[in-house]
Amino acid sequence: MFVVPDVNDLRTRIARWKATGERVALVPTMGNLHDGHMSLVRVARANADRVVVSVFVNPMQFAPGEDYESYPRTEQDDRDRLVDEGVDALFLPATEEIYPGGTGSVTYVEVPGLSEILCGSFRDGHFRGVATIVTKLFNLVGPDVAVFGEKDYQQLLVIRRLAHDLCFPVEVISAPTHREPDGLAMSSRNRYLDPHERAAAPALFQALRQTAAALAIGVGEFEQLASQGAAMLESAGMRPDYFEIRDAETLGDPLPGRDCVVMAAAWLGRARLIDNLRVTVPG
Ligand code: AMP
């Protein structure tokens, strides 16, 4: 596996692959890799000849006061896992390589409509940071395929929209959420949970599942279901930012007969957990 910290080196290697007609897949991550990330790598491998994984803790997507400084960085473990998985290149840039002039006055990418709602209303500038780094990575790597997790559902829709709107010739593929045996979605931030909090954490998935089950059998009181979901989180000791039922494609209001998505974000101790479940509402 090539470990590439340098942008020009990355471009040169990828150009060589592309010159021989090889398809290149990109899996962007912030590192501290877990089995969820690895499932994305396998999807990438199944859809391309070469797999590039980026590991970059992107300062621009952390709102002021968030966990940028303390975000877990586990470079050697990440490298070992990616070698075991047969990844072709690990792009591991320094912050200055990506933001030579800092993040303050850089050109940015904004996806309106999808970015200000849900997580965006609690994390100022978060999706601007995500859209900007993903655009930069698409420009640097020129991937034929890019793989993102459904775990970050709003992020997935933001990226699909930016790829479409900015005419990137990339196929955005989503991969299902990888879970612990008790249902908790895998996340680098789960390591912030103490044992007591970790025991309470599966309540998030349980609340989503209960809500999705009610929707699937035709219960149509969306607001009531959402407040019951939020109450379940509170009784498990969480502080919900939101618990919402939204249209799965637009994130607008849910409509009978269309797929919707139950989405939640909640604080448990110092971890902000997010998760979601898609469900078809009967017409
Ligand atoms: P992150 O390193 O948290 O920025 O995540 C990098 C990519 O992995 C994103 O596309 C995430 O949606 C995806 N991802 C994170 N956790 C999971 C999970 N439990 N299952 C599937 N994909 C995930």
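These figures come from a predicted structure and were not determined experimentally. (Residues numbered from 1 in each chain as written. Predicted model: local features only at pLDDT ≥ 70, side-chain atom pairs only at ≥ 80, totals over all residues. Heavy atoms only, no water.)

### Notes on the pattern of salt bridges
Under the defined criterion, the tally for this structure stands at 18 salt bridges. The salt bridge involving Glu244 is made with Arg246; its shortest N-O contact spans 3.2 Å. The buried category is assigned to Arg246, whose relative accessible area is 15%. Beyond isolated ion pairs, a larger network of salt bridges with shared partners links Glu22, Arg45, Arg50 and Asp88. (Salt bridge = Lys/Arg side-chain N within 4 Å of Asp/Glu carboxyl O. Buried < 20%, exposed > 50% of the residue type's maximum accessible area, 1.4 Å probe, protein only.)

### Thoughts on the site of the ligand
Lining the immediate environment of the ligand, one finds 17 residues, of which His37, Gly149, Asp152, His178 and Met186 sit closest. Met30 has a polar backbone atom sitting 2.9 Å from an oxygen atom of the ligand. Contacts to the ligand include His37, whose side-chain N or O atom sits 2.9 Å from an oxygen atom. Calculation on the ligand without its partners gives an accessible area of 490 Å², and the protein chains cover 92% of this total. In terms of residue count, helix H2 (residues 35–47) provides more of the shell around the ligand than any other element does, three residues in total. Along the lines of polarity and charge, the residues of the shell around the ligand split into seven nonpolar, eight polar and two charged. (Near = heavy atom within 4 Å. Polar contact = N/O pair within 3.5 Å; in protein donor to acceptor, adjacent residues only side chain to side chain. Areas by Shrake-Rupley, 256 points an atom, 1.4 Å probe, with all protein chains shown as cover. Helix = DSSP H or I, 4+ residues; strand = E, 2+ residues; numbered from the N terminus. Nonpolar A, V, L, I, M, F, W, Y, C, P; charged D, E, K, R; others polar.)

### Re the side chain of His34
For His34, the location among the structural elements is in the loop between strand E2 (24–29) and H2. Within the local environment of His34, its side chain forms a polar contact with the backbone nitrogen of Gly36, the two atoms lying 3.0 Å apart. Every residue in contact with His34, bar those within four places of it in the chain, is listed here: Arg81, Met186, Ser187 and Ser188. (Contact = heavy atoms within 4.5 Å.)

### Here we look at the environment of Val3
Its place among the elements puts Val3 in strand E1 (residues 2–4). For Val3, a relative accessible area of 31% translates into the label partly exposed. Taking the C-alpha atoms as reference, Val3 lies 5.9 Å from Ala89; in sequence the two are 86 residues apart. Once residues within four sequence positions are removed from consideration, Val3 is found in contact with Arg79, Leu90 and Leu92.

### Focus: the sheet that holds strand E8 (residues 259–268)
Within a sheet, neighbouring strands are paired by backbone hydrogen bonds and run either parallel or antiparallel to one another. With respect to topology, three strands assemble into an open sheet ordered E7-E8-E9, the strand pairing being antiparallel. Strands at the two margins of the open sheet, each flanked by one partner only, are strand E7 (239–247) and strand E9 (271–280). Taking each pair of neighbouring strands and ignoring which way they run, the sheet shows an average axis angle of 10°. Here E7 pairs with E8 via eight bridges, running antiparallel. (Pairing = 2+ DSSP bridges. Axes fitted to C-alpha atoms, helices over the stretch in contact; angles between N-to-C directions.)

### Some words on helix H6 (residues 126–141)
A rise of 1.5 Å per residue sets the reference length of H6, with its 16 residues, at 22 Å; its end C-alpha atoms lie 22 Å apart and thus fit the reference within 8%. The element H6 is extensively covered by neighbouring structure, given that 13 of its 16 residues are classed as buried. Just beyond H6, the residue with positive phi is Gly142, at close to 60°. (Expected span 1.5 Å × (residues − 1).)

### Focus: the packing of aromatic side chains
Tallied over the full model, the rule gives six aromatic pairs. Plain terms: the ring middles of Phe62 and Tyr68 are 5.3 Å apart, the flat faces sit at 65° to each other, and that makes the pair edge-to-face. Through a chain of ring-to-ring contacts, three or more aromatic side chains come together here, namely Phe62, Tyr68 and Tyr71. Of note, Arg128 hangs over the ring of Tyr108, and the distance from its end group to the ring centre comes to 4.0 Å. Sitting over the face of the ring of Tyr192, Arg270 holds its NZ or CZ atom 4.0 Å from the ring centroid. (Phe/Tyr/Trp six-rings, centres within 6.5 Å; stacked < 30°, edge-to-face > 60°. Lys NZ or Arg CZ within 6 Å of the ring centre and 35° of its normal.)

### Overview of the sheet that holds strand E3 (residues 50–55)
Taken in spatial order, the six strands of this open sheet run E1-E4-E3-E2-E5-E6, and their pairing is parallel. The sheet is open, and its two borders are formed by E1 and strand E6 (171–175), each paired with just one other strand. Neighbour to neighbour, the strand axes of the sheet diverge by 25° on average, direction disregarded. Relative to E6, strand E5 (residues 145–149) runs parallel, the two being bridged by five bridges. Looking at the pairing, Val147 lines up with Ile173 of E6. Lying on the sheet, helix H1 (residues 7–19) is in contact with E1, E2, E3 and strand E4 (89–91); it crosses E1 at an angle near 140°.

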